[in-house]
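Close look at the chain arrangement
This is what each chain is made of:
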Amino acid sequence: MNYILKVENLEKSYHNHKVLSNLNMKIEEGAIYGLVGRNGAGKTTLIRIITGLQAPTKGNYEIFDINYKNSKIKKHLRTIGAIIEKPALIENMTARENIIEQSKIVGTIQTIDIDALLKLVGLNDTDNKKVRNFSLGMRQRLGIAITLCSNPKFIILDEPINGLDPEGIIAIRKLILKLNKEQNITFLISSHYLDELSKIATNYGFIKNGKIIKEISSKEFNEKKQIKTELIVDVPKTAIKYFKLKNLQYKIIDNNTFELSNITNISNLILELSNLNCSVKNIKKTEETLENYYLDLIGGKEND
């Protein structure tokens, strides 16, 4: 198995404040890795270290099997595309002019097909329109186009759909999937939009207090995610006795409402409760979402 990124026991401290603590993670080649965590969990600090903008206090990481301490790492870091917080764009230039300037910097001006790149990100009809007049979605797509100037195999995006309207979100999603599938570009994406992330990610890393507390593939998550069944009954005490007798996993929602996990035979459950003179008044089935999984994992809702 080939890994684009391997992080081992990474730590980062500012004075006496530890931002990253014994952090470990791996990103397979070809993956779309979703990095999920609360504000202040260490996501941006981790990204800044990976891109060479900051040095770790302790620990190691490798990109393309090259240790960050190796002098060769600088050459490989140039082939990583990254947008941290927001794209670095020249406001008084067009999309084409921005791409030309970036391709000069990375040395690909002689080989890059600017027309094809503009078409790829959906900006081929912007002509002489200045970036200062671009929508937020257009700016994000141009930012991705600029990262592509260095022909990267690995792109890092920090909150790429933050503030976008639905149309902009869909455009970014389609672009990421296209680049991943057609050009085999590996992505690390930090995002709070878990529902959207679940539509594209192949792997997830959940970060809490500067440490990755869980890594899971989307395949594994889909296989393990729980089916929740919400029941409203008329005799809750009888229902609780039945749940305990059958060793069913349940949670009390309110006086008459219960949430059960992974019930395979609903009809049988209703019948057996009825035989105990406990009627089911209402029933609703829901599938566990990535958001619910995340909240259960980190313990509670995020305070923004």
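A brief look at the structure comes next.

About the thresholds
- Residues numbered from 1 in each chain as written.
- Predicted model: local features only at pLDDT ≥ 70, side-chain atom pairs only at ≥ 80, totals over all residues.
- Heavy atoms only, no water.
- Helix = DSSP H or I, 4+ residues; strand = E, 2+ residues; numbered from the N terminus.
- Buried < 20%, exposed > 50% of the residue type's maximum accessible area, 1.4 Å probe, protein only.
- Contact = heavy atoms within 4.5 Å.
- Core = buried A, V, L, I, M, F, W, Y, C linked by side-chain atoms within 4.5 Å.
- Pairing = 2+ DSSP bridges.
- Axes fitted to C-alpha atoms, helices over the stretch in contact; angles between N-to-C directions.
- Parallel < 35°, antiparallel > 145°, perpendicular 65-115°, else oblique.
- Left-handed = near helix turned anticlockwise from the far one by under 90°.
- Nonpolar A, V, L, I, M, F, W, Y, C, P; charged D, E, K, R; others polar.
- Salt bridge = Lys/Arg side-chain N within 4 Å of Asp/Glu carboxyl O.
- Patch = residues over 30% accessible without salt bridge, like charges linked within 9 Å, V, L, I, M, F, W, Y side chains within 5 Å.
- Areas by Shrake-Rupley, 256 points an atom, 1.4 Å probe, with all protein chains shown as cover.
- Lys, Arg positive; Asp, Glu negative; His and termini not counted.
- Charge placed at Lys NZ, Arg CZ, Asp CG, Glu CD.

**Digging into the side chain of Glu259**
By secondary structure assignment, the location of Glu259 is in strand β13 (residues 257–261). The exposure class assigned to Glu259 is buried, which follows from its relative accessible area of 17%. Setting aside anything within four residues of it in sequence, one finds Glu259 in contact with Lys228, Thr229, Glu230, Gln249, Tyr250, Lys251 and Ile253.

**Looking at the nonpolar core**
Core analysis: the largest hydrophobic core is formed by 46 residues, its most contacted members being Ile99, Leu142 and Phe187. Those residues in contact with Ile99 that sit more than four places away from it in its chain are Ile112, Ile114, Leu117, Leu118, Leu142, Ala145 and Cys149. Counting residues in each nonpolar core, the second largest holds 29 residues, with Ile4, Ile27, Ile63 and Ile66 among its members.

**Considerations on the sheet that holds strand β14 (residues 280–287)**
Read from one edge of the open sheet, four strands run β12-β13-β11-β14, paired in antiparallel fashion. Each edge of the sheet is formed by a strand with only one pairing partner; in this case those strands are β12 (250–252) and β14. On average, each strand axis in the sheet is tilted by 20° relative to the strand beside it, whichever way the strands run. With respect to the sheet, helix α9 (residues 236–245) is in contact with β11 (227–233), β12 and β13, its orientation differing from that of β13 by roughly 15°. Helix-sheet contacts for helix α10 (residues 266–275) involve β11, β13 and β14, and the interaxial angle to β14 is about 155°.

**Points about the pairing of strand β10 (residues 211–217)**
Judged from the six bridges that link them, strand β9 (residues 203–208) and β10 form a sheet pairing that is antiparallel. The residue of β10 that forms the bridge with Lys208 is Lys211. From the end of β9 to the start of β10, which pair antiparallel, there are two residues, and Asn209 there has a positive phi angle of about 50°.

**Topic: the packing of helix α5 (residues 136–147) against helix α6 (residues 166–183)**
Between α5 and α6, the least distance of the axes is 10 Å, while the angle of their chain directions is 15°. The orientation of α5 relative to α6 falls into the category roughly parallel. Pair α5 / α6 crosses with right-handed handedness. Residues Gln140, Arg141 and Ile144 of α5 touch α6, and the partners they reach there are Ala171, Ile172, Leu175 and Leu179. Of the residues contributing to the contact of α5 with α6, the split by class is five nonpolar, one polar and one charged.

**Some points on the pattern of salt bridges**
Summed over the entire model, instances satisfying the criterion amount to 15 salt bridges. When the shortest N-O distance is used, the salt bridge between Lys225 and Glu287 registers 3.1 Å. Pair noted here: Lys225 is in the loop between α8 (218–224) and β11 and Glu287 is in strand β14, with a separation of 62 residues, a long-range link. Residue classification places Glu287 among the partly exposed positions, given a relative accessible area of 46%.

**Section: a positive patch on the surface**
A cluster of basic residues, Lys72, Lys74, Lys75 and Arg78, forms a positive patch on the protein surface. Relative to the assigned elements, Lys72 resides in the loop between β5 (66–67) and α2 (73–77).

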